[in-house]
Amino acid sequence: KHVAGEPMTNSLFDGIDISWKRVKNPEIDRQIDQVLNAYDFRHPENSLPALLELREDIAKVKDNYWRTQKLAELDEIILHSTGLMAELYAKQPEAVAGSTLPFTMRVVARSSMPVTIQSIAWPGGDTVMNFVLPKDSLITMERSITIPATTPVTEPYWLQQQAKDIAHFVMPHDTLRGYPEAPNNLNAIMNVKVDGRTYPVAVPLSYKKLDPTRGDVIQNIRIVPAVTLEFTAPLLVTAPDGSLTAGVRIHTLKDIDAGMLFLNSGKGAKEIGKGFRLAKNSDTTIYTIYTAKELAGMPEDFELTAVLGTGDASYTRTKNLIQYEHIPTLQYFTRATTKVLRSNWQFTAKRIGYIEGAGDLTADILRLAGLQVDVLKDADISADRLKKYDAILTGIRAVNVEKRMPVWMPELMRYVANGGTLVMQYNTLQDMSTTNIGPYPITLGRERVTEEDAVVEFIIPDHRLLNHPNKITQSDFAGWVQERGLYYPLKYDEKYQAIFKMNDTGEQPLTGGTLYTQFGKGHYVYAPLSFFRQLPAGNKGAIRLLLNMLSVGK
């Protein structure tokens, strides 16, 4: 969109001189054109003489900024044109600072112009070589490298410090602002000579594996703490007798001779292990029980934090990995903590059948809340076999990812008609396996309520969903995270009752956040509220509301 200045006619660079005329060296443009016109992608090395001549001319440019930047860019092109490739890799993806690992370096140059490795500056030492690489021949070197003890843990610089709220990040280094990651300084520097000039080449310390479907997978090696901790569950619920069982997993990358494990509740630390030994590369889980008496002075809901002391160091962090095939692995660390809830909810539905969707933690949280939850498979989906369940719950986007839903939905409707309860979480419009998602017509839309604190109006305050077995009030909608709900129905049959009305600021009210209808002897609820976000966050109001939906027929 044009907002100011002269409108463009050809490109965004209209009126801007992006040629070498701006530094009074127009002849360099002509040289670059000649290189481009003569370039042969089958033999890039044929361009080396012209590129080296171009480098001499750019080195004479008086403008310091452009001379420095363009020489750096041209040096990369020269090295690429030699067909130089180098890799330095280990067979493990992570290491502890100060540890020593075996690495393999492989180097190849495919140019007829001689390429010489003058020296390699490894972490912790140098090797002088003056070795001329044979044309198109792979050179392999083995070396054990000690990771410098001062090497920081690998994580995004903008997550190194915890912000005071979820809407901000702490930027410890202003010079890194705008970069997706901090520069990788864990490299070997290979000094390469081409036509009498030496070029430093940074070869990152990497991890390499052969994947049967993806081929070679290479990523920078990740530096991790010697010990990481995590609770066995990110959310804990007290037992009916008021007690609490908490477990901590300890992952060690070095031997621990005299470990001490503490849990801190904010009201003091509890020692749950002392003087124990842990072997390198092991996983150990330690459990403890807080009695109701020990918890008596705690807040209604609180956090537990784990700390492992070893005499000379203490460890408090949990490792988190984000791994997808199309991007490098991202590692970050958080405090080893879990949230503890004291149950303030009731439920009359005891046994729940769960149909998996695209993946959420709803079933796990319901188990913590005290329900029996069984994951259903194809053989389980028949009206006769489902009758043992007090309610059936579908995971998020189940209709999108489960292609057998067209066959399952008639059985689920028979289950409802015979007296069962079916609660469906949200689905999207894309790739719906069936549009028959309820006993009466429902047309999904793209509408959502993105303001997590949007006002929720109770359309039918005395409805059973709002009163049995938990009394739902406005306080149950406090503290929600990210959103109220998504993909609300645009249209629905008049036989459905809309329970809530809500909207983002300045938008029309939406009534499709919870739809209820009786069907035969049973009950059907379509609820695109974002339970999948609220339950893992420990929102007790959302837990109470979902339990009401599951218990509506009991």
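Bear in mind the structure is a predicted one, so any value in this text is a computation, not a measurement.

(A) Structural view of the sheet that holds strand S24 (residues 391–394). If you walk across this open sheet you meet the seven strands as S23-S22-S24-S25-S34-S33-S31, and the pairing is mixed. Both outer strands of the open sheet, strand S23 (372–375) and strand S31 (497–498), are each paired with one neighbouring strand and no more. Across four bridges, the pairing between strand S22 (residues 351–355) and S24 is parallel. In the sheet register, Ile355 faces S24, and the bridge partner there is Thr394. Against the sheet, helix H4 (residues 362–369) touches S22, S23 and S24, its axis set at about 155 degrees to S23. Of the strands in this sheet, S22, S24, strand S25 (421–424) and strand S34 (522–526) are in contact with helix H9 (residues 540–550), which crosses S25 at around 140 degrees.

(B) Representation of the pairing of strand S13 (residues 244–252) within the structure. Pairing geometry for strand S11 (residues 227–231) and S13, over five bridges, is antiparallel. Bridge pairing links Phe231 to Val248 in S13. As defined by bridge partners, S13 adjoins strand S16 (residues 282–290) across nine bridges and the pair is classed as antiparallel. Residue pairing for S16: Arg249 is matched across the bridge by Thr285.

(C) View of the sheet that holds S13. The three strands are arranged S11-S13-S16 in an open sheet whose pairing can be described as antiparallel. A single partner strand is all that each edge strand has here, and the edge strands are S11 and S16. Neighbour-to-neighbour, the strand axes of the sheet open up by a mean angle of 20 degrees, direction not taken into account.

(D) Seen up close, unusual backbone geometry. Residue Pro469 follows His468 across a cis peptide bond; omega there is -10 degrees. A positive phi angle is found at Asn130, which is not glycine, with a value near 50 degrees. Relative to the assigned elements, Asn130 resides in strand S5 (residues 125–132). With relative accessibility at 53%, the residue Asn130 sits in the exposed group. Not every positive phi belongs to a glycine, and Tyr487 is a case in point at roughly 55 degrees. Looking at where Tyr487 falls in the secondary structure, it is placed in the loop between strand S29 (485–486) and strand S30 (489–492). Since its relative accessible area comes to 17%, Tyr487 is described here as buried.

(E) View of the nonpolar core. In terms of nonpolar packing, the biggest core is built from 44 residues, with Phe500, Leu529, Phe531, Leu546, Met549 and Leu550 touching the most fellow members. Sorting the residues of this core by element identifies strand S12 (235–237), S22, H4, S24, strand S28 (456–458), strand S32 (500–502) and H9 as the ones contributing at least two each. The next biggest cluster of nonpolar side chains, apart from the first, holds 43 residues, and it includes Leu51, Val61, Leu74 and Ile117.

(F) Summary view of helix H7 (residues 405–417). With 13 residues, H7 extends 18 Å between its outermost C-alpha atoms, agreeing within 8% with the 18 Å of an ideal straight helix rising 1.5 Å per residue. By the burial criterion, the buried members of H7 are Met405, Trp408, Met409, Glu411, Leu412, Met413, Tyr415 and Val416. Looking at the residues trailing H7, positive phi occurs at Gly419, about 120 degrees.

(G) Representation of the environment of Ile28. By the secondary structure assignment, Ile28 is in helix H1 (residues 26–38). Remark: the alpha-carbon pair of Ile28 and Val61, spanning 33 residues in sequence, is separated by 9.9 Å. Leaving out residues up to four positions away in the same chain, Ile28 has contacts with Trp20, Leu54, Asp57, Ile58 and Val61.

(H) The arrangement of the pattern of salt bridges in detail. Tallied over the full model, the rule gives 25 salt bridges. Between Arg249 and Glu230 there is a salt bridge, and its shortest N-O distance comes to 3.7 Å. Remark: Glu230 occurs in strand S11 and Arg249 occurs in strand S13; sequence separation between them is 19 residues. Taking the relative accessible area as the measure of exposure, Arg249 reaches 34% and is therefore partly exposed. Relative accessible area serves as the criterion here: at 35%, Glu230 is assigned to the partly exposed category. A salt bridge links Glu402 to Arg404; the shortest N-O distance between them is 2.9 Å. Taken together, the shared-partner salt bridges in this structure form one network comprising Glu87, Arg106, Lys208 and Asp216.

(I) Representation of the layout of surface pockets within the structure. Approximately 1,600 Å³ is the volume found for the largest pocket. Taken together, 39 residues make up the lining of the largest pocket; nearest its centre are Gln162, Asn320, Tyr332, Thr334 and Thr337. The biggest single contributor to the lining of the largest pocket is strand S19 (residues 317–324), with five residues. The class makeup of the residues in the lining of the largest pocket is 18 nonpolar, eleven polar and ten charged. The volume enclosed by the second largest pocket comes to roughly 720 Å³. What lines the second largest pocket is a set of 23 residues, and nearest its centre among them are Thr154, Glu155, Ala182, Pro183 and Asn184. Those elements that provide at least two residues to the lining of the second largest pocket are strand S9 (215–220), strand S10 (222–224) and strand S20 (327–335).

Criteria and cut-off values
Residues numbered from 1 in each chain as written. Predicted model: local features only at pLDDT ≥ 70, side-chain atom pairs only at ≥ 80, totals over all residues. Heavy atoms only, no water. Pairing = 2+ DSSP bridges. Helix = DSSP H or I, 4+ residues; strand = E, 2+ residues; numbered from the N terminus. Contact = heavy atoms within 4.5 Å. Axes fitted to C-alpha atoms, helices over the stretch in contact; angles between N-to-C directions. Buried < 20%, exposed > 50% of the residue type's maximum accessible area, 1.4 Å probe, protein only. Core = buried A, V, L, I, M, F, W, Y, C linked by side-chain atoms within 4.5 Å. Expected span 1.5 Å × (residues − 1). Salt bridge = Lys/Arg side-chain N within 4 Å of Asp/Glu carboxyl O. 1 Å grid on protein atoms, 1.4 Å probe; cavity = no way out; pocket = protein on both sides within 12 Å on 5 of 7 lines; lining within 4 Å. Points joined across faces, edges and corners; volume = space filled by probe spheres on them. Nonpolar A, V, L, I, M, F, W, Y, C, P; charged D, E, K, R; others polar.

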